Amino acid sequence: MSTYKYATLFLARNISVNQTRTFFSNLKCLDVTINRENGVAYVLMKHPPVNTLNMQLISELSLTLSNLEKSKCQGMILSSIFDKVFCSGLDLNELLKPKPERVKGYFSTFQELVIQLYGSSFPTVAAMTGHSPAGGCVLGMCCEYRVMKKNSQIGIPGSRMGIALPRYIVNLMSSTIGLRNAELMLTKGKILNTDEALKVGLIDEIANDRTDAIRKAEDFLKEYEMIAPLARGITKRIIRRSIIEDVKMNGAADLENFVSVIMLPEVQEKLDMYMYNLKNRKRD
Ligand SMILES: CCCCCCCC/C=C\C=C\CC(=O)SCCNC(=O)CCNC(=O)[C@H](O)C(C)(C)COP(=O)(O)OP(=O)(O)OC[C@H]1O[C@@H](n2cnc3c(N)ncnc32)[C@H](O)[C@@H]1OP(=O)(O)O
């Protein structure tokens, strides 16, 4: 990220660049900095144009989470350097006309990332600076708290794309917004605006802009400053255990099933049409 962008991000929140340190300098799709004073990590996705989760971004997120666990960070804010988009989800190019081994590797890497983020010991907040469709919504749901910029959209359009979602994604959505709302949302492949998302509990707060989103994320993390990290981490793991155990038990079978569905000609046709519409839609 340019010095200018750091300055606007941190100075806007009264944190000087000197109070932060760059955690990794060799990442291509992420900027990771840690505030020296409170140990909070800022993980900013910067994969242009819309933070599509290609293999590189997924792998860098996974590496970063492993390193943050080792560094005993006190909390993480997952965000984006882009004002309009938090994350545009999985890379549709990986889903179109895929080679079975390649697509299996891709989904299993994503699945591992989901479990890592969902099961992290430190508190996590998604400061969603804009749209968060599909995989972007999944990243947000893995965090403990979600702040989203107003006038953004969030949801998982799987059904509309002809994709039956793996059960861990369904479980994740159900645990976030309840079974009834999850059923309605996922079977319709519904995308919600910010107000609707707040109403069902898919997000926790609405922000005016990215600075406000980061500030609200920081406020959430501040509430943990007086809480013992070990007790907090153990409690979180107990609450999240059933979904994690379920993936460990059924993840491989789910993956096989998911990949065979993705490869079906009728699903490929739908995905092709979806991609065509995406490329040819009227931009706002
Ligand atoms: C156990 C089994 C494991 C299986 C794991 C499965 C996990 C299942 C969980 C979730 C399932 C998710 C499936 C997906 O994530 S599929 C991806 C779905 N994503 C979307 O549908 C989002 C599509 N994108 C958009 O709606 C917009 O791009 C938006 C994010 C709103 C941003 O809009 P805008 O700012 O106007 O930008 P553009 O649309 O012009 O996009 C810029 C270029 O980027 C291309 N693009 C966008 N998104 C993707 C994507 N996801 N993959 C590939 N490419 C993408 C877009 O076509 C533009 O390209 P170009 O400039 O060449 O036209």
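This is a predicted model, so every value here is computed, not measured.

Within helix α7 (residues 179–188) the residues assigned to the buried category are Ala182, Met185 and Leu186. The buried side chains of α7 occupy one side of the element, clustering within an arc of 90° when seen end-on. Opposite its buried face, α7 presents the exposed residues Arg180, Thr187 and Lys188, each directed more than 90 degrees away. On its buried side, α7 packs onto β10 (153–155), α6 (167–177) and β11 (191–193). Phi for glycine 189, located one or two positions after α7, is positive at around 60°.

A few words on the nonpolar core. Leu61, Leu78, Leu139, Met173 and Leu202 are the most contacted members of the largest nonpolar core, which totals 67 residues. Looking at which element gives the most residues to this core, the answer is helix α4 (residues 100–118), with 9 residues. In contact with methionine 173, other than residues within four places in its own chain, are Cys137, Met141, Ile156, Gly178, Ala182, Met185, Leu186 and Leu202. Ala127, Val147, Ile214 and Ala217 belong to the second largest nonpolar core, which has 13 residues in total.

Working note: regular strand, side chains alternate between the two faces of the sheet. Counting buried residues in strand β7 (residues 124–128) gives 5 out of 5 residues, a clear majority hidden from the surface. Judged by which residues are buried, β7 turns out to be covered on both faces: Thr124, Ala126 and Met128 on one side and Val125 and Ala127 on the other are all buried. For strand β5 (residues 75–80) and β7, the ladder comprises 3 bridges, and the chain directions are parallel. Paired with isoleucine 77 across the two strands is valine 125, which belongs to β7.

Attention shifts here to the confidence of the model for the protein chain. Low pLDDT marks stretches whose predicted atomic positions should not be read closely. In this model, the protein chain carries an average pLDDT of 91, and 90% of its residues clear a pLDDT of 70 or more. Counted against residues more than four places away or in other chains, residues 1–17, with its pLDDT under 50, gives 31 contacts. Note on the complex model: pTM 0.92, ipTM 0.94.

The next thing to look at is the pattern of salt bridges. The tally for this structure, following the rule as stated, stands at 10 salt bridges. Across the salt bridge formed by aspartate 31 and lysine 46, the nearest N and O atoms sit 3.7 Å from each other. With aspartate 31 in strand β2 (residues 30–35) and lysine 46 in the loop between β3 (40–45) and β4 (52–53), the pair connects residues that are 15 residues apart, well separated along the chain. The pair aspartate 31 / lysine 46 is uniform in exposure class, with both members buried.

What follows covers unusual backbone geometry. Where the residue is not glycine, phi is negative for most of them; where a peptide bond is considered, it is trans in most cases. Residue proline 48 is joined to proline 49 through a cis peptide bond whose omega torsion reads 0°. As for its placement among the helices and strands, proline 49 is situated in the loop between β3 and β4. Phi angles above zero are rare outside glycine, and lysine 72 is one such case at about 55°. Checked against the element boundaries, lysine 72 lands in the loop between α2 (55–70) and β5. A positive phi is found at lysine 97, a non-glycine position, where the angle reads about 45°.

So, how was this worked out
Residues numbered from 1 in each chain as written. Predicted model: local features only at pLDDT ≥ 70, side-chain atom pairs only at ≥ 80, totals over all residues. Heavy atoms only, no water. Buried < 20%, exposed > 50% of the residue type's maximum accessible area, 1.4 Å probe, protein only. Helix = DSSP H or I, 4+ residues; strand = E, 2+ residues; numbered from the N terminus. Arc of directions from axis to C-beta. Contact = heavy atoms within 4.5 Å. Core = buried A, V, L, I, M, F, W, Y, C linked by side-chain atoms within 4.5 Å. Pairing = 2+ DSSP bridges. pLDDT = per-residue confidence, 0-100. Salt bridge = Lys/Arg side-chain N within 4 Å of Asp/Glu carboxyl O.

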